[in-house]
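Here is what each chain is made of, one letter per residue.
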Amino acid sequence: MTIGKLLEESIFQNLKVLNKKADLSREIFTVESTETPDVASYLPENTLLITTGMAFKENQSGLCEFILSLDRLPCAGLAIKLGRFIDHLEPEVIDLADQLEFPLIQIPYHMTLGEVFQQLLAYIWDNQNAELTFVLNTQKKFSALLLQGASMSVMMNNLGLVIKKPAALLNPFGEVEAATHTCQKDYLKAAQNLFYDLSLYERRTDSFENFVYVSKIKEKVCIYPIQTVGKNPYYLYIYGGQGKEDTLSGMVIEQLVLVFGIFLYKNLYVRCNPLKQKEAILHILVNKYKKERWSSAQLYTVGEKYGLKPAAGYKIILATLEPFGGREFDFLNLSHREERYILIYDWLSRKLQEKFHGDIIIFPEPLTYQYILLIQGNYRELEKVLEEYHEALQHFLQVSVTFSFGNGVMELETIGNSYVTALESYQYGEEKENIPYIKYFKSTDANELFKMVSSEQIKGYCLYHLKGLTNPEDEMTLELRRTLKTYLDCRCSVTETANHMFLHRNTIKYRIKKCEEILGREIVDANYCFQLQLSLVLLEQNE
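Everything numeric in this text was worked out from a predicted model, so none of it was measured. (Residues numbered from 1 in each chain as written. Predicted model: local features only at pLDDT ≥ 70, side-chain atom pairs only at ≥ 80, totals over all residues. Heavy atoms only, no water.)

### Overview of the overall build of the protein
Link 1 in the chain: Regarding its fold elements, the protein presents 17 helices and 16 strands.
Link 2 in the chain: The C-alpha atoms of the protein give a radius of gyration of 40 Å, which is well past the 24 Å a tight globule of 543 residues would have.
Link 3 in the chain: In terms of principal-axis extent, the alpha carbons of the protein reach across some 140 × 50 × 40 Å.
Link 4 in the chain: Buried positions account for 49% of the 543 residues belonging to the protein.
Link 5 in the chain: Excluding contacts between residues fewer than 6 apart, the proportion of contacts in the protein whose partners are at least 24 apart in sequence is 65%.
Link 6 in the chain: Charged side chains of the protein number 57 positive and 69 negative; the gap between the two group centres comes to 6 Å. (Helix = DSSP H or I, 4+ residues; strand = E, 2+ residues; numbered from the N terminus. Rg over C-alpha atoms; globule rule 2.2 N^0.38 Å. Buried < 20%, exposed > 50% of the residue type's maximum accessible area, 1.4 Å probe, protein only. Contact = heavy atoms within 4.5 Å. Lys, Arg positive; Asp, Glu negative; His and termini not counted. Charge placed at Lys NZ, Arg CZ, Asp CG, Glu CD.)

And the structure:
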């Protein structure tokens, strides 16, 4: 209840506001009557104080100090009966009240303070009882909707029935999640424009008011942040003066905001199971746990409902949320990190669908706070799109995302290779055009590849191909191995080998013949020659 609404009632038409700049939107919670000049220390906030001003009969400067103390409380206003002890208020008192926008209300001389006190208090109590009943009924109604599993659209339309005003709910990206039936396109556009105003990015946690133009008409809008588990608020926009000057109480709004917060929190947990299911498909697709490899036909069958389809080629892009690296995703106890991961996943899914119509699918990998983008086909200049996504995520959620490209593959059943190279791109990839959040796979030379193979594997491989030449026990065998390496390096040319080693051609032929006896086969097959040459290189790397 506000001063303005109170004075509009017919039973209080004899009460008169004395100062022109009085803030009549001040809330009244109760009424008190006193003649004590230091009563401000004992009053509850939002009290309307009634008095005769007896203590300030000869000292209206003291009345100014009294008004200052009431305003600091803050008090709803001061109702004073003139004509008994104070005939009129001095200009300095009126000027101070105007400066503070503090309501000064005159009680008619013919009314007693007791009569005014009883009428005001009875009216406020009746109003508060009706308000409390309305709050409880509203809470009961929306709690039932929650238990019934109502959709966001149903929740918003019921909100519209309660507040009888246009309203919209915006997500942290400024997108309209749902709106009341009365909230037309002009209202939605105005809400989004206001959201994109930089002043809103202070991420205020308290409600605030603003003004927007809807069809060239200036409309008041009240904005209520709705928190779920952390730093990612949704915003409830209510049009038409749904604030200090409206009859709808703060308690009703508090209950509605609380209910919508619970609804959004519940939806977070509802989203977890689909994430797990889609993540399981990803693990099958990339053969993450090295189980039996599925054929392309089997993968298409299991992944069809997620958008998997035949294409000319495939590629994996790994999207990593940088602030959350090294932290486990907790499905049972969602915090602001898990909430943010799910928000971004849903947002990227919508954006990719709008832009690429299913040719790029996003898979979740929540345990590492990563997303897997599967490109089905050939898309060039993806960097520009990813730059837009990166900037948007930083702008709205202050999150940095790194996009790491894997190599392309032709067959779906080999997509695991692209996944592996995407992981390597994230760790060791090259930046393109000095953009630190977009990385490409850096080709590894042979020496680097050899470092990834264990020494035991290398020894086994060399022994299998080189036989007795692997570990020469005498100088002659070692010389044979050197001759074999030179011979292979010279593309199996006896003449070129002889010239390179400063030996006679017959000596080279003899040595190669001895090598073939040790190896147990002729050195003529190109693939066999490659295996021998690779074995010799591996030996050099590990000796």
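### Section: the UniProt feature "domain: PucR C-terminal helix-turn-helix" (unreviewed entry) in the protein
Link 1 in the chain: Look at the UniProt record and you will see "domain: PucR C-terminal helix-turn-helix" (unreviewed entry) annotated at residues 480-536.
Link 2 in the chain: Strand forms 0% of residues 480-536 and helix 77%; the C-alpha atoms that close the span are 12 Å apart. (UniProt positions renumbered as here; feature names shortened; annotations may be inferred.)

### Considering the packing of aromatic side chains
Link 1 in the chain: Counted under the stated rule, the structure contains 19 aromatic pairs.
Link 2 in the chain: Ring centres 6.3 Å apart and planes at 50° place the aromatic pair F142 and F260 in the tilted group. Of this pair, F142 sits in helix α4 (residues 113-147) while F260 sits in helix α7 (residues 250-285), and the two are 118 residues apart along the sequence. The burial state of F142 is the same as that of F260; both residues are buried.
Link 3 in the chain: Site record: aromatic cluster; members linked through ring pairs are F173, F195, Y196, Y235, W347, Y389 and F396.
Link 4 in the chain: A cation over a ring is seen here: K276 above F331, with NZ or CZ 4.6 Å from the ring centre. (Phe/Tyr/Trp six-rings, centres within 6.5 Å; stacked < 30°, edge-to-face > 60°. Lys NZ or Arg CZ within 6 Å of the ring centre and 35° of its normal.)

### Considering α4
An α-helical turn contains 3.6 residues, so any two residues separated by three or four positions project in the same direction.
Link 1 in the chain: Spanning 35 residues, α4 covers 50 Å between terminal C-alpha atoms, matching the ideal 51 Å at 1.5 Å per step.
Link 2 in the chain: Where α4 is concerned, the buried positions are L113, V116, L120, L121, Y123, I124, E131, V135, T138, F142, L145 and L146.
Link 3 in the chain: In the segment just after α4, G149 is the residue with positive phi, at about 75°. (Expected span 1.5 Å × (residues − 1).)

### Notes on helix α14 (residues 475-489)
Link 1 in the chain: Taking 1.5 Å of rise per residue, the 15 residues of α14 would be expected to cover 21 Å, and the 21 Å separating its terminal C-alpha atoms lies within 8% of that figure.
Link 2 in the chain: Where α14 is concerned, the buried positions are T477, L480, R481, T483, L484, T486, Y487 and L488.
Link 3 in the chain: Residues of α14 that are buried sit in contact with α13 (455-466), α15 (494-501), α16 (505-519) and α17 (526-542).
Link 4 in the chain: One or two steps after α14, the chain reaches R491, where phi turns positive at roughly 60°.

### Side note on the pairing of strand β7 (residues 176-179)
The two faces of a sheet get side chains in turn, since along a regular strand they alternate between them.
Link 1 in the chain: Pairing of strand β6 (residues 167-170) with β7, which is carried by 3 bridges, proceeds in the antiparallel orientation. In the sheet register, L169 faces β7, and the bridge partner there is A178.
Link 2 in the chain: Linkage of β6 to β7, two consecutive antiparallel strands, is achieved through a turn of 5 residues, within which G174 is found at a positive phi near 80°. (Pairing = 2+ DSSP bridges.)

### Looking at the environment of S493
Link 1 in the chain: The topology assignment puts S493 in the loop between α14 and α15.
Link 2 in the chain: Given a relative accessible area of 25%, S493 falls into the partly exposed group.
Link 3 in the chain: Taking the C-alpha atoms as reference points, S493 and V135, separated by 358 residues in sequence, lie 96 Å from one another.

### Regarding the UniProt feature "domain: Purine catabolism PurC-like" (unreviewed entry) in the protein
Link 1 in the chain: Per the UniProt record, "domain: Purine catabolism PurC-like" (unreviewed entry) is annotated on residues 6-124.
Link 2 in the chain: Along residues 6-124 one finds 32% helix and 17% strand; the C-alpha atoms at either end are 9 Å apart.

### Thoughts on a nonpolar patch on the surface
Link 1 in the chain: A cluster of nonpolar residues, L132, L136 and M251, forms a patch on the protein surface that exposes about 250 Å² of accessible area.
Link 2 in the chain: Relative accessible area serves as the criterion here: at 35%, M251 is assigned to the partly exposed category. (Patch = residues over 30% accessible without salt bridge, like charges linked within 9 Å, V, L, I, M, F, W, Y side chains within 5 Å. Areas by Shrake-Rupley, 256 points an atom, 1.4 Å probe, with all protein chains shown as cover. Salt bridge = Lys/Arg side-chain N within 4 Å of Asp/Glu carboxyl O.)

### What about empty space enclosed by the protein?
Link 1 in the chain: Within the structure shown, the criterion is met by 3 cavities of 30 Å³ or more.
Link 2 in the chain: A volume near 50 Å³ is recorded for the largest cavity.
Link 3 in the chain: Forming the walls of the largest cavity are I284, L285, V286, N287, E292, R293, W294, L299, E413 and G416. (1 Å grid on protein atoms, 1.4 Å probe; cavity = no way out; pocket = protein on both sides within 12 Å on 5 of 7 lines; lining within 4 Å. Points joined across faces, edges and corners; volume = space filled by probe spheres on them.)

### Examining the pattern of salt bridges
Any two side chains of opposite charge can pair, so long as their charged atoms come close to each other.
Link 1 in the chain: Scanning the entire structure with this criterion turns up 11 salt bridges.
Link 2 in the chain: Note that D346 is salt-bridged to R271, the shortest N-O span being 2.5 Å. In this pair, D346 is assigned in helix α9 (residues 336-356) and R271 in helix α7, connecting sequence segments 75 residues apart.
Link 3 in the chain: With relative accessibility at 24%, the residue R271 sits in the partly exposed group.
Link 4 in the chain: For K514, the salt bridge goes to E517, with nearest N and O atoms at 3.5 Å. Of the two residues, K514 and E517 are both situated in helix α16; the distance of 3 residues between them amounts to about one turn of the helix.
Link 5 in the chain: The class for K514 is partly exposed, based on a relative accessible area of 31%.
Link 6 in the chain: Since its relative accessible area comes to 52%, E517 is described here as exposed.

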